Number of protein chains: 2
Amino acid sequence: MTWDWAISVLGILAGLCTTGSFVPQVVKAWRDGETRAISTRMYVIISVAFVSWLGYGLVIRSWPIVIFNVLNLGLSGVILFLKLRSAPPRRKEA
Amino acid sequence: MTWDWAISVLGILAGLCTTGSFVPQVVKAWRDGETRAISTRMYVIISVAFVSWLGYGLVIRSWPIVIFNVLNLGLSGVILFLKLRSAPPRRKEA
């Protein structure tokens, strides 16, 4: 088993854990309908990060980076949608 | 300006946004003391991801990957700590 093969497995494990970690947050926000403690700014900025990683993956033609970040963008987009949907309407200044 | 230089900038931008995205969540959880909607499983799994990325960065000797994932691990560790600290004690079966 070459060393390179083990490094690729470690990278894929890290990618799977990164993407997989958003699934329980999507399920919890969807099931509980409670998103108050979730930071909107976090999910706006991390979506920008995933778009950047997606561009990076396309430019260096790394399909694992592209695939993982399409999934990441989808999952973080759902969390952001659930957060914005449950956010109280902003009071308009008189 | 070589193409490689632009690709590196895109990768660093993506890394900065990924790490930076956790800061508003740390601030919100710390300031509000409210963590109910945050998924414990998400932060356990994403911490495993960051340890894996840290190992990956060390093995391929990529110092940006190492530095970003030490920061990511620190920030997600704080969120996990705040979440576990505010979690109600589990009821022991009689």
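What you see is a predicted model; the values in this text were computed from it and never measured. (Residues numbered from 1 in each chain as written. Chains lettered and ligands numbered in written order. Predicted model: local features only at pLDDT ≥ 70, side-chain atom pairs only at ≥ 80, totals over all residues. Heavy atoms only, no water.)

**Thoughts on a nonpolar patch on the surface**
All names here are of chain A. A cluster of nonpolar side chains, Leu58, Trp63, Ile67 and Leu71, forms an exposed patch at the surface whose accessible area comes to about 410 Å². Residue contributions to the nonpolar patch peak at 3 residues, all from helix α3 (residues 63-86). When you line up the elements, Ile67 lands in helix α3. A residue is classified by how much of its surface remains accessible, and Ile67, at 52% relative accessible area, is exposed. (Patch = residues over 30% accessible without salt bridge, like charges linked within 9 Å, V, L, I, M, F, W, Y side chains within 5 Å. Areas by Shrake-Rupley, 256 points an atom, 1.4 Å probe, with all protein chains shown as cover. Salt bridge = Lys/Arg side-chain N within 4 Å of Asp/Glu carboxyl O. Helix = DSSP H or I, 4+ residues; strand = E, 2+ residues; numbered from the N terminus. Buried < 20%, exposed > 50% of the residue type's maximum accessible area, 1.4 Å probe, protein only.)

**Some remarks on the relation of the copies chain A and chain B**
With an RMSD of 0.0 Å, the operation that places chain A on chain B is a rotation of 180 degrees combined with a shift of 0.0 Å along the axis. When the rotation and shift are considered jointly, the pair of chain copies conforms to a two-fold rotation axis. Taking C-alpha positions as reference, the residue of chain A nearest the rotation axis is Ala37(A), located at 2.7 Å. Both copies share a contact surface, since 100% of the interface residues of chain A are interface residues in chain B too. (Least-squares fit on C-alpha atoms with pLDDT ≥ 70 in both. Contact = heavy atoms within 4.5 Å.)

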